[in-house]
Amino acid sequence: MEMGMKEEGKETIESQEFIKVMDVSKDYITGEVTVHALRNVSFEIQKQEMIVILGPSGSGKSTMLNILGGIETASAGEICFLGQSLDWTDKKALTMYRRKHVGFVFQFYNLLPGLTALENVELAAELGEHPLDPMELIRQVGLHDRADHFPSRLSGGEQQRVAIARALCKNPDILLCDEPTGALDSKTSVQVLNLLSEFHTKYQKAVVIITHNQNIAQIADRVFYFRDGCLERIEKNPNPRKPTEVEWK
């Protein structure tokens, strides 16, 4: 069955449980060695939350993000989206889940070099059911005067902003960001985090950011701390800050 709304009734996304992760584990087996990347991780994400996942390299945070996005499959456990379990064996359903509901922003921008900034964003519009306007997004990320430039003519920060515009264009229900500021200086990092925060606020969508930078935790509604494949604790932030108010230490 295609990922999406429950068949029964006419519940909306807002009235349903959004994402529920239950006892998810992930093992990688190489020869006789088994690496336990995730160990019985459980949590919930609400529809309009800004979540930051913190942890050192190897803590399992990227693996968790990839499983949330349907890029990787879990070895055990369950993830429910809008009350419906993701079927790890149904590749077509996982593809439709990613296409219709999930946006991705990665540390490395993965732009198509033969397309202009605008064309990279327009390509995403073709995949969404209710896409946002590509040129308007280019304007919102401050690149309207560089819309016809190819990625090779854009700085790293500009390429990341195009990548964010591309991810936002299909108007996803959840935006998953893997170290989106990892390759950027602090000034450009603030610009990128502002874009993510504005999308979260304007469209009331869930945003999940994984990072090793503890400063970014200041903008989150909740912070998930990962270590050695385990979710150690969850902390609620009573007063989330705007990215421009983050104290960069």
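Notes on the structure follow. As the structure is a prediction and not an experimental result, all values here were calculated from the model. (Residues numbered from 1 in each chain as written. Predicted model: local features only at pLDDT ≥ 70, side-chain atom pairs only at ≥ 80, totals over all residues. Heavy atoms only, no water.)

## Considerations on the sheet that holds strand S10 (residues 230-236)
Two orientations exist for strands paired in a sheet by backbone hydrogen bonds: parallel and antiparallel.
Right, on to step 1. Strand order in this open sheet of six strands is S6-S7-S8-S3-S9-S10, and the pairing throughout is mixed. Both edges of this open sheet fall to strand S6 (102-106) and S10, since each of them pairs with a single strand only. In this sheet, neighbouring strand axes are inclined to one another by 20° on average, regardless of whether the strands run parallel or antiparallel.
Right, on to step 2. Contacts from helix H2 (residues 91-101) reach S6 and strand S7 (174-178) within the one sheet, and its direction differs from that of S6 by about 80°. (Pairing = 2+ DSSP bridges. Helix = DSSP H or I, 4+ residues; strand = E, 2+ residues; numbered from the N terminus. Axes fitted to C-alpha atoms, helices over the stretch in contact; angles between N-to-C directions. Contact = heavy atoms within 4.5 Å.)

## Concerning the packing of aromatic side chains
To describe a pair of aromatic rings, you give the distance between the ring centres and the angle between the ring planes.
Right, on to step 1. Tallied over the entire structure, the rule returns five aromatic pairs.
Right, on to step 2. Within the aromatic cluster, the residues linked to one another by ring pairs are Phe18, Phe81 and Tyr97.
Right, on to step 3. Its guanidinium or amino end placed over the ring of Phe18, Lys47 lies 5.5 Å from that ring's centre, counting from NZ or CZ. (Phe/Tyr/Trp six-rings, centres within 6.5 Å; stacked < 30°, edge-to-face > 60°. Lys NZ or Arg CZ within 6 Å of the ring centre and 35° of its normal.)

## Here's the deal with the nonpolar core
Right, on to step 1. Leu175, Leu196 and Ile209 are the most contacted members of the largest nonpolar core, which totals 42 residues.
Right, on to step 2. Contributions of two or more residues to this core are made by strand S3 (50-54), helix H3 (117-125), helix H4 (134-140), helix H5 (156-169), S7, helix H6 (186-203), strand S8 (206-211) and strand S9 (222-227).
Right, on to step 3. Among the elements that line this core, the one with the most residues is H5, at seven residues.
Right, on to step 4. Once residues within four sequence positions are removed from consideration, Leu175 is found in contact with Gly103, Phe104, Val105, Ala167, Leu168, Leu196, Phe199, Ala206, Val207 and Val208.
Right, on to step 5. Membership of the second largest hydrophobic core comes to 32 residues, among which are Leu68, Trp88, Val208 and Leu231. (Core = buried A, V, L, I, M, F, W, Y, C linked by side-chain atoms within 4.5 Å. Buried < 20%, exposed > 50% of the residue type's maximum accessible area, 1.4 Å probe, protein only.)

## Observations regarding H5
Right, on to step 1. Along its 14 residues, H5 runs 20 Å from first to last C-alpha, staying within 8% of the 20 Å computed at 1.5 Å per residue.
Right, on to step 2. Of all 14 residues making up H5, 13 are buried, and the element is well covered by its neighbours.
Right, on to step 3. Asn171 lies just past H5 and shows a positive phi near 60°. (Expected span 1.5 Å × (residues − 1).)

## Details of the sheet that holds strand S2 (residues 33-45)
Right, on to step 1. Judged by pairing direction, the sheet is antiparallel, and its four strands sit side by side in the order S2-S1-S4-S5 without closing on themselves. Looking at the sheet topology across the chains shown, the edges are occupied by S2 and strand S5 (84-85).
Right, on to step 2. Pairing of strand S1 (residues 19-30) with strand S4 (residues 76-81), which is carried by five bridges, proceeds in the antiparallel orientation. Considered in S4, the bridge of Ser25 is made with Ala76.

## Some remarks on a nonpolar patch on the surface
Right, on to step 1. Where nonpolar side chains cluster on the molecular surface, the patch consists of Tyr28, Val33 and Val35 and spans about 250 Å² of accessible area.
Right, on to step 2. Within the secondary structure, Val35 is located in strand S2. (Patch = residues over 30% accessible without salt bridge, like charges linked within 9 Å, V, L, I, M, F, W, Y side chains within 5 Å. Areas by Shrake-Rupley, 256 points an atom, 1.4 Å probe, with all protein chains shown as cover. Salt bridge = Lys/Arg side-chain N within 4 Å of Asp/Glu carboxyl O.)

## Examining unusual backbone geometry
Right, on to step 1. The phi torsion at Asn40 lies on the positive side, around 50°, for a residue other than glycine.
Right, on to step 2. As for its position among the elements, Asn40 is in strand S2.
Right, on to step 3. With a phi close to 55°, Asn110 is a non-glycine residue in the positive phi region.
Right, on to step 4. Inspection of the secondary structure puts Asn110 in the loop between S6 and H3.

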